[in-house]
Amino acid sequence: MFRFVHAADIHLDSPLKGLESYPDAPVEQIRAAARRAFDNLVDLAVDEGVAFVLLAGDLFDGDWRDYNTGLYFTHRMGRLREAGISVFLVAGNHDAASPLTRALSLPDNVTLFSHKKPETKVLDQLGVAIHGQGFAGRSITEDLSRGFAQALPGLCNIGLLHTSMTGRAGHEPYAPCTLESLISKGYDYWALGHVHQREVVHKHPWVVFPGNIQGRHIREAGSKGCALVTVEDGRIAEVDFRELDVLRFALCRVDMDGCDDLDAATDRVRKAMELKRRDAEGRFLALRIILEGRSPVHGKALRQEDHLRENFRALAADLGDVWLEKLRIATRPLSAGSEAVDAQSPLAGLLAAIEEMRHFPSLTGLAPEFENLRSRLPAELLGEADPFSPDEAELTVLRDEVRDLLMARLQEGAHED
Amino acid sequence: MKIRRLLLKAYGPFSDRELDFGSSLPGLHVVHGPNEAGKSSALRALQALLFGFPPRTGDNFLHAYDQLLIGGCLQHDDGRELCFFRRKKNKNDLFDAADQPLANDALDPFLLGVGKDTFSSQFGIDHETLVRGGQGILQQEGEIGQALFSAGAGFASLRSVIDALEADADALFRPRATSREITVAVAQYKDLQSRLRQVSLGGQDWLKHRQALDHAEKELRGLESRSSGLEREIHLLERVRRALPSLGRRHLLREKIQAMGEVVVLPDDFGAQRRHLDEKRRVAKVRLDSAEGRLAELEDMQLAMRLNQTVLDHADGIEDLHQRLGAYRKGQQDYSGLEGMRVAYKIEAAQLLRRIRPDLDVDQAESLRPGLGKRKTVQALGQRYEAVAQEVRQAGARVRELERELAARKSELAALGMTADGSSLVQALNLVLKFGDLDEELRARGIHLFRARDNCQAALQRLGLWKGSLEEVKLLGLPMPETVNEFETAFQSVDEEHRRLCGEEEKTGQALAALRRDLRAIEQAAVVPTEAELADCRGRRQEGWMLLRRHWIDGEDVQLESRLYAAELPLPEAYEQSVDLADQAADRMYREADRVQKHAQLLSAMEAAESALVELRGRIQALLLSRDDLRARWNGYWTECGISPLGPREMRAWSGNFEALRLQVEELGRIETDLATKQARREELREILLRELAALTEETPLSGDGLEEVVRRAQAVAEKLREAHTRRESLAGSLSQLQASLDKAETTLQNARLSQDEWRQAWEEALGFLGLPGSASPAEAAEYVETVQECLAKLHEEDVLRKRIRGIERDGCAFENSVRELAALVAPEDAVLDAALAVGQLKGLLAQAVRDQAVSLRHEEEKALLTKEILGLREELRQFEEGMAALRQLSRCADDESMALAERRCMEYAGLRRELDEVEFHLVGMAEGGTLEDLEELAAGQDADALPGKIAALRAELEEHVKPQMGPIAERVGQEKNELARMNGDDAAARIAEEMQEVLARISRMTDRYIRLKLASRVLRVEIESYRAANQDPILAIASDLFKKLTLGSFAGLRADIDENDSPVLIGVRSNGLLVRVEGMSSGTRDQLYLALRLASLQLRSQSTEAMPFIVDDILINFDEERSNATLGVFAEMADRNQIIMFTHQAQIADMARSLGREDRVFVHRL
């Protein structure tokens, strides 16, 4: 019996995104979260006395250039070497793009599979054959698995591959392959990487995405870690997931139904935060608070959004290990009727205009200020999530928020609720 | 939609109040409530009715939350109506009139989808909004779009909203401004970016340093090996140079050792051992001599000592005597005291005996002891003596007392005599009492009868109409009630008919009079030609024409006829006149056809009325006749009873009263009969009682007929008889009891006397034993016994003392004998007469003997020890001699003196040997692992004089060539190592990257915010403009008119204009054509301008869609009277389409509304 660890998508030194710092935020406590998660991985391997570690690609983050990251990695590999643990890794699309990969000199316990052709490494003592091939470039569109050797008889066969399989939402369709083609190889375990969401695609034979080891932004919410695999008599006996993350992103939806004032709302948010915190089991939490539901505080919350955000940040600071990632106010007025306006009123025209986006089909060019601002923003902000080119869903949110903002401002003073 | 009713069931200060806004026109409803009347509550209630209660309300001070209830009725323009109630609940708060829940959207069809906020802003206005609206117009500088938009939506002003949006956006970002939040954050980001570049380590840098380090390390290693080779050679030569002197010394030592020849090698401690043994041997000899001397001395002392063994043998006896000596001395002391006491006891006993038995000597006293055996019996009998005597005394006394009492009772009974039997009287009394208090009853009934008769008499007199006695009342026959009813109905119908006819007559008369008045009026107005008159005119015209025709056509002479036709005028003129007259009459008739017809109608109506009147009067007459007849018949019925009757209704009442009286009279009769019966009964009972009493007493008979007195006397007699009987029975009972007690007492006395005799016999017998005469009293006997006992006790004491004295004498003799015997044994020479002194002497001898014995024992012990020591020392000496012999053998010496020489030789040899070893050890160290032979060989090849030169040459090469090269290279290695150590895989760059992400997050949030603010501002402005474009003309047209009315013509209207910025603005137009911008208007005028725009928006709206109620809250506070009036007028005008509900606390506003004179549309409600 022996065990091995299967991890992927480490993205070493890739920074956490979307966390705006503010006084009392646990800034220092969560620095270098990706490294600390990787340290957790190394500790796990040593503590569990595993035979080897598989890293299924995207060890580094594509355009990250600091060679210290590579040095850090070799140092940690040294630790595994002292513990007699081998490491097998394939390059992912990020690794292929990373200048670090080329410059790195690896200790002798680390085996990097070729990116030119599939290779097979046989570990005679354990009775294991590991098949793998890395990415030669950042965009591989052919099915790499096709060239992999058929399973070697009498051994436990493991495939190591960076792939999107038949495609996964939010992930580039690299090195596509089908479940059938993987199974047809006759391997016992397919150690996959690339998809950041943990997924057991198939059991017996096992086809596993362990997900990344540390969530990096709110879209990578939830627990993160690696697979700890037990092999008995040459067969996979157990696949266990172990959490490694240091900080966890989480959505926290809070229903404001029945909250009469902002104090009550704050109180409810506190309770929701405490619940989430309990779930995180001592990890740091980055919470996105979304206020929902029909509530008497709708207007007031919109008008005092900054004040509320400060309140919630203070709550997070009180809890100590929570970071308020973002506050979104998505409440609605108490009753559907109270937001309705007279069809003859100028407000009806205003709402219709917002609804149809009549006056802003595209944001850039709409106002000279927008173009001016856009030209000054860091390029990082203008990629996929360019705030000036919202997609359909973002546009809906934007439209609702503009409407709520405007209605709240217009009725401010006239109707103090 | 209209609000038809507002029901304030339980809300604020209201309980079950209703405001009814139902009117055919939507109407202006002025709700007037002075301060504190709940005007604001009513306003809130109206809002709550339509849109629900707010989560919290202060209107629960009278009714609790769950009690709050308001209701109302809404009416749609299409006529639909909804009446409902609303409670304070979170959900499902709507109920219909039957208190059944209504769907939440039940009001939607009426509210047309308008929400609460929209409703209160768009369809409501209060004073504050009005003033702020006026100010808003000023803020907006009369900008039309904003003014129309805010008036349309019911907002006060848009300026502050637009400004706030712009200001918030501006705080985030403005082109060309450097201190805006986003700009600052972007700069911070760029700063971090450049820091990241500085901190980041490239992969090639690291490789370069790694290779440089490898190269330097290799070079360093070569130099190091050269350096160590040189050092090794220098070291070797240095070693040889240092070893040469030692090698020479070694050679010399080895020669000396060889020269010494054979040497007995002694152990290192040989000398010490020898000296040690010699010393020990000397000491042992000295100790042996000393011990033998002391032993001889002790034996001499032993021989000189003499021990008293006899005393020691009797030591126990002597100790015993010494102890007994104390007791012996005490016995000698006590002896004389005890003897004195004994004699005293004896004398006392003799005295006691003499007191009771002078005849006996004291030694014979013991003969009395047997008598004491009956002591207890005598004591017991003595104690019983008094009890027995007491018993006899008490029994005698009891017998005497009972005899006395018995005699007294017997005489009392005899005095009582015989009594009569009262049982028959008691029976009679019981009978009488069964009937109760007949006297009182008869009296009460008498009064009752009197009153009843009085009442009947009075009732009879009140009745009237009939004269007769009470007895006749019973017999009088009256008409049947049915008959009376029949007549009543008949009279009623006649009367009604009469009244009706009279009424008709009066009406007809009035109608006739009216007709006459009308006729007179027509006739007085102008003479109206009748048909007859017209016919006359036409006839005359015809007549004239016929004459003219005859004259003109036929040529007849009609002069005469003409004169007859018209005397004054010639025929043609007369004819013309007649034609004129006829035409005039016809014309008039035609012209006044209505009047003519009316006249004719009036005439015919008058005729009809007159004939109707005549007929009516005839019928009335007939009716009066038939009534007389009816009356006569009615009277007939009653005269039989001798009564002249009133009307049937009165007579029915009278009959009822009469029948009641008849019942009263019958009751009177019953009372009288009853009274008589009771009286007879009383008489009978009285007789019985009197008879019984006469049989028992001879008291005077009682007068009167009352029963009570007789009863009282009978009760007294009966009581007396009962008491006498009871007394006799009790006396008889006590007599028999007394006799029984007497018998018992006599028996007791007899028994007591017998007991007394028995006691005396026993007493005499007991005294006999004691030797006392039987006549002695118990006290005497007791004293005698006591004295005997005391005497015998004294004698006993004397006996005891005597025995003790004898014991003392015996012990003293025994002690003295023992002393004498022992003294004779132990010290026959020292005979001493006094036993005590002898014992002291013996004790002294014993002490001396014991001391001598102890000394002797100590000497014996010491001798034994000395003997043992001497033996040990002798053994030691022998061993030391043996040791010395062994040493002599080891050193191969014949005697002790030659041993010292051998010792010195051996030491010299050992010294040489040690030196050689040291030299060789030193050389071995120099050989550094090699052998001494190698070293010698190495040294043999070297020229001692050339060595220093060789060494100096090698050292020079090392220091001057090799080492200077090594320093810089080692430094280079260090530098490269440092460089690589700096590239230690730290996370500084990663940390900066994280900081950058934090700044990016902030920029992103602020950018999103900026976009939203900008879009909001923009869409609002665009929409304001588009609303203006669509609505400016129609609204301004209406508003202009309203503004004129509201300002009482001070302004002729409003119009749009363009200001210096090319913005469309509102301008007021004075009646003289002067243009006034909003800035030039007074604040009150601007308020009216805002109001005009609001009302214009509402009016325009109601032209195209269903109107909503407009709720006005006290907006006229600051208006003067004329403008208030004008505003109310404008509201009243609008009220034909828009329902306006106006709340005010000003009474004059309510008055003003009333005096508008528009009752069809203006309504005032008071709270």
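A few points on the structure. Here the residue numbers are simple positions, counted from 1 along each chain's written sequence. Here the convention is simple: chains get letters from A, ligands get numbers from 1, in the order in which they are written. With pLDDT at 70 or above as the cut-off, local features in this predicted model cover only qualifying residues; side-chain atom pairs require 80 or more to be listed or tallied, and sums for whole chains, interfaces and linings still use all residues. Water and hydrogen atoms were dropped before computing side-chain values, which therefore reflect all heavy atoms in the structure.

Things to note about the overall build of chain B
And then number 1: Numbering of helices and strands runs from the N terminus, with a helix taken as a DSSP run of H or I at least four residues long and a strand as a DSSP run of E at least two residues long. A tally of regular secondary structure across chain B gives 31 helices and 13 strands.
And then number 2: Counting the 1167 residues in chain B, one finds 39% classified as buried.
And then number 3: Note on contacts: a residue pair is in contact if any heavy atoms of the two residues lie within 4.5 Å. Considering only contacts within chain B whose residues lie at least 6 apart along the sequence, 75% involve residues at least 24 apart.
And then number 4: Computed by Shrake-Rupley with a 1.4 Å probe, the accessible areas treat only the displayed protein chains as cover when residues are assessed. Element-wise, carbon and sulfur atoms account for 51% of the exposed surface of chain B, whose accessible area totals about 66100 Å². Buried means the residue's accessible area, taken with a 1.4 Å probe over protein chains only, is under 20% of the maximum for its type, while exposed means over 50%, and partly exposed covers the values in between.

Looking at the overall build of chain A
And then number 1: Broken down by element type, chain A carries twelve helices and 15 strands.
And then number 2: When contacts within chain A are restricted to residue pairs at least 6 apart in sequence, those whose partners lie at least 24 apart make up 71%.
And then number 3: Accessible surface, chain A: about 16700 Å² in total, of which carbon and sulfur atoms supply 47%.

Quick look at the side chain of B:Ser41
And then number 1: Following the sequence through the fold, B:Ser41 ends up in helix 1 (residues 39-51).
And then number 2: Contact partners of B:Ser41, with chain neighbours within four places excluded, come to B:Tyr11, B:Gly12, B:Pro13, B:Phe14 and B:Asp59.

Re the pairing of strand 8 (residues 189-193) of chain A
All names here are of chain A.
And then number 1: Burial of strand 8 is extensive: five of the five residues sit out of reach of the surface.
And then number 2: We call two strands paired when DSSP finds no fewer than two bridges between them. In terms of strand pairing, strand 7 (residues 156-162) meets strand 8 through five bridges, oriented parallel. Opposite Ile158, over in strand 8, you have Tyr189 as the bridge partner.
And then number 3: Of the pairings in the sheet, the one linking strand 8 to strand 10 (residues 206-209) comprises three bridges and is parallel in character. Pairing of Trp190 across the sheet is with Val207, part of strand 10.

Some details on the side chain of A:Asp404
Residue and element names in this part refer to chain A.
And then number 1: Looking at the element boundaries, Asp404 is found in helix 12 (residues 392-411).
And then number 2: What makes Asp404 buried here is its relative accessible area of 6%.
And then number 3: In this structure, Asp404 is in contact with His298, Leu302, Thr331 and Arg332, ignoring residues within four places of it in sequence.

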